[in-house]
Amino acid sequence: MNVTLRLAWRNLWRNRRRTWLTVGAMIFTNLLMIFLISLQLGSYDMMIENSLRAFTGHLQVQRLGYLEEPRLRESFNGAQALAEQLRSRLGVQNVAARAKGFALASSEDRSFGIQILGVEPDYEPRVSSLPGLVKTGSWFSSEAAEEIVLGAVVARNLKVGVGDEITLIGSGRDGSFAAALVTVVGLLESGIPDLDRLVAQMPLRTFQAVFSMPDQAHMLVVELGGLDQVAAALQQAQQLISERPELVALDWDVLQPGLKQAIQTDMASAWFMYAVLIILVSLSVMNTQLMSVLERTREFGTMLALGIRPGRLGRLVMLESLVMSGLGLAIGVCGGAILALYLSQAGFSYPGMEEMGAKFNLPGRIYPAFTLLALFWGPSVLFVGAMLATIYPALKLLRLQPVAAMRAV
Amino acid sequence: MSSVSCKDLSKTFTQGDEIIVGLDQVSINIEEGSFVCLSGPSGSGKTTLLNAIGGLDKPDGGEITIGEQRVDQMRKAELADMRLHNIGFVFQAYNLIPVLTALENVEFVMQVQGRAVAERRPAAMAILEEVGLKGMQDRLPSQLSGGQQQRVAVARAIVSKPTLVLADEPTANLDTKTSAQLMDLFVELNERRRVTFVIATHDPRIMAYCKRLIKMQDGKIVADDLQQPAIAAAG
């Protein structure tokens, strides 16, 4: 064994308790960071999936410019046929056409302006979690039923319930007068007041008839198995619509830019916390090494007298830190990997989370992400931090004078 | 590379407001194969002179030449290399590396020199046997007596065949019998291997082994005498 490595290894175990305390701090920090980062990444995935399932889906096909100016007339023809082609091309059934318009909704007592989504009754539940939130009443009875599902707050504002009729008055796509009498068949409770105040859905065919836009829609919504499938599906969708220049395929990142920003903001605050943790542990490593160097000043003086170059002593101390940090990294990452792998399969739940999930049609458990990033990002930075923290004690050795060092008590 | 020459060496230390003279225009020549004792009371400059010769401490002025090399003009790394390859040190407090066994301590210098295990292991074992520590090679310093530790230190100092051994009060922590055994060993090595020994001591029994006795006081050489060693090496 190399003499420097042998010395480094034996020196580490001269004060076992101190070494294990430092290694233990590194193991604990590595475990904690792996758990938190994998949980964080898992919760981002869940947050994205939940948000996409509630609103936009993983990707959409729209008329070019609709995203910037979502007006009624920015619809496209052959929506349902194109949806069928897209289902076939992607090999998934989770494609649904939607149309969006506004109307004045009137009950016997009140009138309110509401946003109405025209949805395909058979396919919408495949791409959205909202149909699952119909807690009172039911989903649509047929594809062309003159029915409407209202958000709970909308219904309360209009003072209507399941079975009541409301009148819709608005403008059709061609500027004609749009009017309909529809029956409230279901009330949707998301638990999010802003959403429950906004939502009103009716079958797409009924919507098309009311708003004079036969066979048209504003978007095809695609729900995929996961975020990792988006890029390939986007490419397929773009190929499919390549002969229709008025259409564009957009992924979730473009459709919901705020989502990514929210994640980045959360990440920044989490990274700050990790940085504090890493700095604290690195300072503890520096303290350990500094103590160790001070205790061995005489010994280092002897080595200098025997002809060891000061740089070699510095390398010895760096090697000691390397071994110590390596132990912390190896044990921490192994333990963290086992923990993250288990939780990524079994899931992780806060108290009350499963009840909340059941209420809002959301998953009741978070599944931490078992990824290389989650496993190695934090521990690698801690490893580097510990090595950087050893530079100061190592530099002290470069200035050591043999005679003065051998006189040290 | 064996003769030592010092010319007009001076060194002062500051202790609070007081300036202490360590060496005051010291000039000496030590021939190859000499067995020299530096004697004098504490603070006379013995250790300061040894440290200067060994390149452990820089003199304020003057010249030190070992063989053809000017020690006082060397940089830190050059001094380290010179000590590693040419000088063996024996300290009063043994100064063994506590985490290495007796064998590893002896091998240490050769290992740093980059010598292969096939070369250094037999040499270290042989020298341990020579200093009377056969069978104790796997003991840590904490498992050895003071005399045994000093023997390991001597073995470490001479195993790489340096031409000069500098020993600072090597017997100060040893009993009379062990001191005598150690000095016998020094004399034997000096005679058999022609290793130059410079020993700082204020113990008259140790001085009796030397062929040349240099007396120091207040940083100056006050006497420099050749003498017939009163005690010859055992055996």
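What comes next is a walk through the structure. (Residues numbered from 1 in each chain as written. Chains lettered and ligands numbered in written order. Predicted model: local features only at pLDDT ≥ 70, side-chain atom pairs only at ≥ 80, totals over all residues. Heavy atoms only, no water.)

**Examining a nonpolar patch on the surface**
We apply this condition: Here, patches come from residues exposed beyond 30% relative accessible area and free of salt bridges, joined within 9 Å for like charges and within 5 Å for nonpolar side chains (Val, Leu, Ile, Met, Phe, Trp, Tyr). Under the convention used here, a 1.4 Å probe and the Shrake-Rupley method define accessible areas, while residue burial counts only the protein chains that appear. Should a side-chain nitrogen of Lys or Arg be within 4 Å of a carboxyl oxygen of Asp or Glu, the pair is scored as a salt bridge. In this text, helices come from DSSP runs of H or I with a minimum length of four residues, and strands from runs of E with a minimum of two, each type numbered from the N-terminal end.
Together, Phe272, Val276, Ile279, Leu280 and Leu283 of chain A make up a nonpolar patch on the protein surface, roughly 510 Å² of accessible area in all. For Ile279 of chain A, the position within the fold is in helix α10 (residues 257–295).

**Description of the packing of helix α3 (residues 79–90) of chain A against helix α8 (residues 230–240) of chain A**
All names here are of chain A. How we decide: For helices, the fitted line uses only the C-alpha atoms of the stretch in contact; every axis is such a line through C-alpha atoms, and the angle between N-to-C directions lies from 0 to 180 degrees. Note on angle classes: values under 35 degrees are labelled roughly parallel, values over 145 roughly antiparallel, values of 65 to 115 roughly perpendicular, and the remainder oblique. If you view the pair so one helix is near and one far, a crossing is left-handed when the near helix is turned anticlockwise from the far one by less than a right angle, and right-handed when it is turned clockwise. Throughout, a contact is declared for two residues whenever any of their heavy atoms are within 4.5 Å. Throughout, the ten residues Ala, Val, Leu, Ile, Met, Phe, Trp, Tyr, Cys and Pro are labelled nonpolar, Asp, Glu, Lys and Arg are labelled charged, and all others, Gly among them, are labelled polar.
Running from N to C, α3 and α8 point in directions that differ by 135°, and their axes come no closer than 10 Å. Between α3 and α8, the interaxial angle falls into the category oblique. Both α3 and α8 take part in a crossing whose hand is right-handed. In contact with Leu82, Gln85, Leu86, Arg89 and Leu90 of α3, α8 contributes Ala233, Gln236, Ala237, Gln239 and Leu240. Split by residue class, the contact of α3 with α8 holds six nonpolar, three polar and one charged.

**Quick look at the state of the cysteines**
Residues and elements named next belong to chain B. The test is simple: The disulfide criterion used throughout: a pair of cysteine sulfur atoms within 2.5 Å. A 1.4 Å probe rolled over the protein chains alone gives each residue an accessible area, and that area as a share of the maximum for its type sets the label: buried under 20%, exposed over 50%, partly exposed in between.
Enumeration over the complete set of coordinates arrives at one disulfide over all chains. In this model Cys37 forms its disulfide with Cys210; the gap between the sulfur atoms is 1.8 Å. Within this pair, whereas Cys37 is found in strand β3 (residues 35–39), its partner Cys210 is found in the loop between α7 (204–207) and β9 (212–217), the two being separated by 173 residues in sequence. Residue Cys37 shares its accessibility class with Cys210, and that shared class is buried. Cys6 carries a free sulfur, and the closest cysteine sulfur to it, the one in Cys37, is 16 Å from it. Residue classification places Cys6 among the buried residues on the basis of a relative accessible area of 3%.

**Quick notes on the pairing of strand β9 (residues 200–203) of chain A**
On any regular strand, side chains alternate: one points to one face of the sheet, the next to the other face. All names here are of chain A. To keep things clear, this is the line we draw: Any two strands with at least two DSSP-identified bridges between them are counted as paired.
In terms of strand pairing, strand β4 (residues 111–119) meets β9 through three bridges, oriented parallel. Residue pairing in the sheet places Val119 in a bridge with Pro203 of β9. Two strands pair when backbone bridges link them, and strand β6 (residues 147–151) and β9 are joined in this way by two bridges, in the antiparallel orientation. Bridging across to β9, Leu150 finds its partner in Ala200.

**Description of the interface of chain A and chain B**
Our working definition: Put simply, buried area is how much 1.4 Å-probe accessible surface two parts lose in total, over both of them, once they are put together. Side-chain atoms alone can form a polar contact between residues adjacent in sequence; in general such a contact is a pair of N or O atoms within 3.5 Å, and within protein one must be able to donate a hydrogen while the other accepts it.
Every contact between the two is made by 27 residues of chain A and, on the other side, 24 residues of chain B. Per-residue buried area on chain A facing chain B is highest for Arg10, Leu306 and Arg309 of chain A; these three make up 25% of the total on that side. The interface formed by chain A and chain B contains three salt bridges. Between Glu104 of chain B and Arg6 of chain A there is a salt bridge, and its shortest N-O distance comes to 3.7 Å. Our count for the contact surface shared by chain A and chain B stands at seven residue pairs in polar contact (both at pLDDT 80 or more).

Purely geometric numbers; function is a separate question.
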